[in-house]
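# Architecture and fold: a report
The chain contents come next:
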Amino acid sequence: MPASQHTIAGTVLTMPVKIRKAEQHMAMFSVKADAAQQMIDYSGLKVCQFLPGRAIVVLMLMRYVDGDLGQYYEYGTNVMVNPPGSDASGPRALQSAGAFIHHLPVDQAFTLEAGTTIWGYPKVMADFTVREGRPFGFDVSIDGQFAVGMEFRPGLPIPSAFTSRTQENPTYSYRDGVLRKTIGEMTLSGVRYRLGGAHVRLGDHPYAKELAALGLPKRAMVSASAENVEMSFGDAQEV
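What comes next is a walk through the structure. Quick caveat, the model's predicted, so the values are computed rather than measured. (Residues numbered from 1 in each chain as written. Predicted model: local features only at pLDDT ≥ 70, side-chain atom pairs only at ≥ 80, totals over all residues. Heavy atoms only, no water.)

## Things to note about the packing of aromatic side chains
Quick reminder of the rule: Planes of paired rings set the category: under 30 degrees apart is stacked, over 60 is edge-to-face and the rest tilted, where pairs are Phe, Tyr or Trp rings (Trp by its six-membered ring) whose centres lie within 6.5 Å. The rule is simple: take the accessible area with a 1.4 Å probe, protein chains only, and divide by the maximum for that residue type; under 20% is buried, over 50% is exposed, in between is partly exposed. Secondary structure elements follow DSSP: runs of H or I of four or more residues count as helices, runs of E of two or more count as strands, with numbering from the N terminus.
If you walk through the whole model with that rule in mind, you get 9 aromatic pairs. Ring centres of tyrosine 64 and tyrosine 72 lie 4.4 Å apart, and the angle between their planes is 25°; on these two criteria the pair is classed as stacked. According to the relative accessible area criterion, tyrosine 64 is buried, its value standing at 6%. Note on tyrosine 72: relative accessible area 4%, which makes it buried. For the pair tyrosine 75 and phenylalanine 138, a centre-to-centre distance of 6.2 Å together with 45° between the ring planes defines the contact as tilted. Within this pair, whereas tyrosine 75 is found in strand S5 (residues 72–81), its partner phenylalanine 138 is found in strand S9 (residues 136–142), the two being separated by 63 residues in sequence. With relative accessibility at 1%, the residue tyrosine 75 sits in the buried group.

Written as structure tokens, this is what we have:
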């Protein structure tokens, strides 16, 4: 069966899309499940309650260095959800959970068009200010309004034997009345983890108000960084 292709801004993308090098900073937060459910109720999905009444939200910054979609920054608000139709709960439920992508600002038009057209991701244009160093930090502004910023303290290095295995990660998106599932493969290297380690700042943009409704800013459960991320994404499947 021939590989599918998509034409984006005059460029033909052959699936799967490949990301050969990216950098990642992420933090996981425990939030009230009811608040997270209210935020993503439009999707029809149910949040994964890893503890009674608690859900996990992941805030993430990606810097794409070399890949089929070009170079760009991307911020994500991801909520861990059960597969459609599942009411699983408890820590083991996270093994089958996927990430529902609720916010996904980017700073380049090509990846915005590709993301919305191919995968139904909620990409919007944004401005990014990134501060390298210790702590590492970034700010995201949309339509001239400050939305969210974060600072990360460095974590402890994790041996590559524990991080080099290819991971298969399902993500969900909802756009134009359609729920979609995309399977991505990811390999990480240069990984650091620490308990806490991330500070969130919120602005006046509507995205910030949604994050505040989750109880943010608050202490992260865990934060992590990866010096190199390799990824591939196939076509989205309607659920």
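## Observations concerning helix H1 (residues 33–40)
Of all 8 residues that make up H1, 6 are buried, and the element is covered over most of its length. The set of residues buried in H1 consists of Ala33, Ala35, Ala36, Gln37, Met39 and Ile40.

## What to know about unusual backbone geometry
Of the consecutive residues methionine 15 and proline 16, the connecting peptide bond is found in the cis state with omega at 0°. A cis geometry characterises the amide bond from leucine 216 onward to proline 217, with omega recorded as 0°. Along the chain, proline 217 turns up in the loop between helix H3 (206–213) and strand S15 (222–233). Phi at alanine 9 takes a positive value of approximately 50°, unusual for a residue other than glycine. Relative to the helices and strands, alanine 9 resides in the loop between strand S1 (5–8) and strand S2 (11–14).

## Re the pattern of salt bridges
Heads up, the condition is: Each salt bridge in this description consists of a side-chain nitrogen of Lys or Arg and a carboxyl oxygen of Asp or Glu lying within 4 Å of one another.
Within the structure shown, the criterion is met by 8 salt bridges. Among the salt bridges present, the one from aspartate 66 reaches arginine 20, with a minimum N-O distance of 3.4 Å. Here arginine 20 lies in strand S3 (residues 17–32) and aspartate 66 lies in strand S4 (residues 54–67), a separation of 46 residues in the sequence.

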